[in-house]
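Breakdown of the fold
Residues per chain are reported as follows:
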Amino acid sequence: MSDLDGQEDSLLGGPRKQRCKWQGWMQIGLGVWAAVATVGIVVIAVMWVHADTAPGSGLDKFPPSGKKNIVFMVSDGMGPTSLALTREYRQLTDGLSWDNTLTLDKHLIGTSRTRSTNSLVTDSAAGATAFSCGIKSYNGAISVLPDGSPCGTVLEAAKKAGYMTGLVVTTRLTDATPACFSAHVNMRMEEDRIAEQQLGDYPLGRVVDLMMGGGACHFLPNSTEGSCRKDDRDLVTEAQKKFGFQYVSGRKGFDSLEKGKKVKLPLLGLFASTDIPFEIDRKDEEYPSLDEMTEVALRVMEEATKHSDKGFFLMVEGSRIDHAGHGNDPAAQVREVLGYDKAFNRVLKFVENAKNPSVLVATSDHETGGLALARQLHASYPEYLWYPEVLANASSSSEYLAAKYAGYSGSSSSEDEFVKKTILEEGLGVHDASEDEIEALKAAKSGAAWVLADIISRRAQVGWSTHGHSGVDVNIYGSKGSERLHGNHENTDVGNFIKDFLEIDVDAVTEELKEKGVDRAVTMEEVEEGGMLVSQVREYPWMGRSLHELAKDGFETAGVDCYHGDYKHKH
Ligand SMILES: *[C@@H]1O[C@H](CO)[C@@H](O)[C@H](O)[C@H]1NC(C)=O
Ligand SMILES: *[C@@H]1O[C@H](CO)[C@@H](O)[C@H](O)[C@H]1NC(C)=O
Ligand SMILES: [Zn+2]
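The name that an unreviewed UniProt entry assigns to the chain is Alkaline phosphatase, with the source organism given as Morchella conica CCBAS932. Listed under Catalytic activity (unreviewed entry) in UniProt, the entry text for the chain is "a phosphate monoester + H2O = an alcohol + phosphate". Regarding the chain, the relevant UniProt record gives this comment under Subcellular location (unreviewed entry): "Membrane".

Glancing now at the UniProt feature "binding site: Zn(2+)" (unreviewed entry) in the chain. Cross-referencing UniProt, the feature "binding site: Zn(2+)" (unreviewed entry) maps to Asp76, Asp322, His326, Asp365, His366 and His469 in the present numbering. Across 394 residues of sequence, these annotated residues stay compact in space, with a maximum C-alpha separation of 14.2 Å. Along the polypeptide, Asp322 turns up in helix α11 (residues 321-326). Secondary-structure assignment places His366 in the loop between β8 (358-363) and β9 (367-368). Assessed through its relative accessible area of 0%, His366 is described here as buried. Discounting chain neighbours no more than four positions away, the residues touching His366 are Asp76, Gly77, Met78, Thr114, Thr122, Asp123, Ser124, Asp322, His469, Ser470 and Val474.

A separate point is the site of ligand 2. Close contacts around ligand 2 come from Glu389, Val390, Asn393, Gly429 and His431, and that covers them all. A distance of 2.3 Å separates an oxygen atom of ligand 2 from a polar side-chain atom of Asn393. Within the complex, 41% of the 360 Å² of free accessible area of ligand 2 lies under protein. Per-class residue counts for the shell around ligand 2 are one nonpolar, three polar and one charged.

This next bit is on the packing of helix α16 (residues 435-444) against helix α17 (residues 448-460). The geometry of α16 relative to α17 is characterised by a closest axis approach of 8 Å and an angle of 155° between their N-to-C directions. Classified by the angle between their axes, α16 and α17 sit roughly antiparallel to one another. Mapping the contact onto sequence places Glu437, Ala440, Leu441 and Ala444 in α16 and Ala448, Val451, Leu452, Ile455 and Arg459 in α17. The class makeup of the residues in the contact of α16 with α17 is seven nonpolar, no polar and two charged.

Calculation rules
The residue numbers shown here count from 1 along each chain, following its written sequence. Key to labels: chains lettered from A, ligands numbered from 1, both in the order written. Predicted model: local features are reported for residues with pLDDT of at least 70 only, side-chain atom pairs are reported and counted for 80 or more only, and whole-chain, interface and lining totals are derived from all residues. Excluded from the side-chain calculations are hydrogens and water; all other atoms, namely the structure's heavy atoms, are used. UniProt positions are given in the numbering used here, feature names are shortened, and annotations may be inferred rather than shown by experiment. Under the scheme used here, helices are H or I runs from DSSP no shorter than 4 residues and strands are E runs no shorter than 2 residues, and both carry numbers assigned from the N terminus. Type-normalised accessible area, obtained with a 1.4 Å probe on protein chains alone, sets the label of each residue: buried when under 20%, exposed when over 50%, and partly exposed for intermediate values. We call two residues in contact when some of their heavy atoms are within 4.5 Å. The nearness test applies per residue and asks whether one of its heavy atoms lies within 4 Å of the molecule or strand. Two N or O atoms form a polar contact when they lie within 3.5 Å of each other; inside protein one atom must be a possible hydrogen donor and the other a possible acceptor, and for residues adjacent in sequence the pair counts only when both atoms belong to side chains. All accessible-area figures derive from a Shrake-Rupley calculation using a 1.4 Å probe, and residue coverage is judged against the displayed protein chains alone. Under the scheme applied here, ten amino acids are nonpolar (Ala, Val, Leu, Ile, Met, Phe, Trp, Tyr, Cys and Pro), four are charged (Asp, Glu, Lys and Arg), and all others, including Gly, are polar. An axis is simply a line fitted to the C-alpha atoms; with a helix, the fit covers only the stretch in contact. Between two such axes, the angle follows the N-to-C directions and lies from 0 to 180 degrees. Oblique is the label for any angle not under 35 degrees, not over 145, and not in the 65 to 115 range, which are roughly parallel, roughly antiparallel and roughly perpendicular in turn.

Structure, rendered in structure tokens:
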């Protein structure tokens, strides 16, 4: 008998009675039932009131109605093999079981076919144009079609519809992927012009509310150290004075944002002169990570749309997975993919907990490098294996080590020792370099990155078929609400998904941009050359050099090239 029973009995003052157990439970039961019923009614009432704001609700219907957000993530140059590479590397280094997968692995929903209009192997510009405009174009095209006309982007249309917009990248902000959402030029190399347009110096005015990444050099006048502009325009000052941007740079500038609490949109954050260093080389005290920038962007976007009936469009790119692929550097790539997976996980948690219908769609523009997890090293039949532990031993990228070697100023008598100890052992984690390899490095010197990448790839038994891109289908990942992208799709379906999800009018933007063109009479010379049966063409001087001018320099933008014995030609 409990103390409570004794207390009750003594209060009643009468003789102690043996109470029926069942009766006691009955009384307690009634009390509990009443309490449960009351709480239940309250819960149901609360759920009724909040029915359309509970996380994840509203996503059963496509497109969801009302206020909504979409985060589009791009893993530039990440093919399916990069996932197995990273998953198996992480299992080894973190001591995980073979069934422990990446967050990305758990959200695989489909694949994307990536060809462009003029090649079966796309570049990032045509790849991102498929995402931004929902239309295929030629390699090099920054949201411009093969006929030279601009195509409105989902970011521009989202801005016009009242959404907030943002771009977060680890490469230069003027590089192809972010450029395609916020600029229009005929050839991706026009990065100075892209920077101007991204601030608002083009027919639509400012359309981007938040930009974070590298590429400060294209915003600084040519008189400044660290500029890569051809002219003396000071875009950092223009951004602040003319377009009202809050401008921050460097790690200090990033930290001053206080995870997004100290942001007044529009925001321009340039955290590196060109690209932000590879994850393997990046120092936290010098540069923010993709995940950190994503954290700030999500918070700012959420806060900025708090009192709006429209949500936001945010593009986040793991830009340098591609660069590690171009360099054929598996040690750098595996850390890039891990960093991307971390940012993906952050966005996923955000959309899953968001009050308004929010969706995450992630894909790659193409694969880079033709990565293979096996490599035949000798003429004899190979064993079936690859060695992730070789990548774990490397502490720097081959890009970083090549630059370090290029800066070597010691005597030539100690050069062998420098290459062996500092570059190969300390940097690459390779302790068994051959004389031939050291000689190859010395011969390459400033071009040592490819030699270093080959040294580590051979030891890991990781293969590459090219330093360029490849034509394999890439993966599509998505959160709840992205079901329409299940299965195998054309890359343009991804752009059209964004457009349809946000219910925005991209065609109206295209029309507005086209109005800013000028008609030019076709010369007799052109008619003779190209045999075009038109008297005039529409050109867009604000988009830089015209396709006609580019063609004179040998840029072929029409049609897929045919075979002409290329295997024999060697440059
Ligand atoms: C810098 O830009 C100005 C004006 O655009 C140009 O005249 C000058 O030649 C440029 N200087 C260099 C070093 O490129
Ligand atoms: C990794 O580095 C250690 C020394 O730090 C070395 O003993 C070992 O052989 C290396 N492993 C591989 C796979 O290169
Ligand atoms: Zn790319």
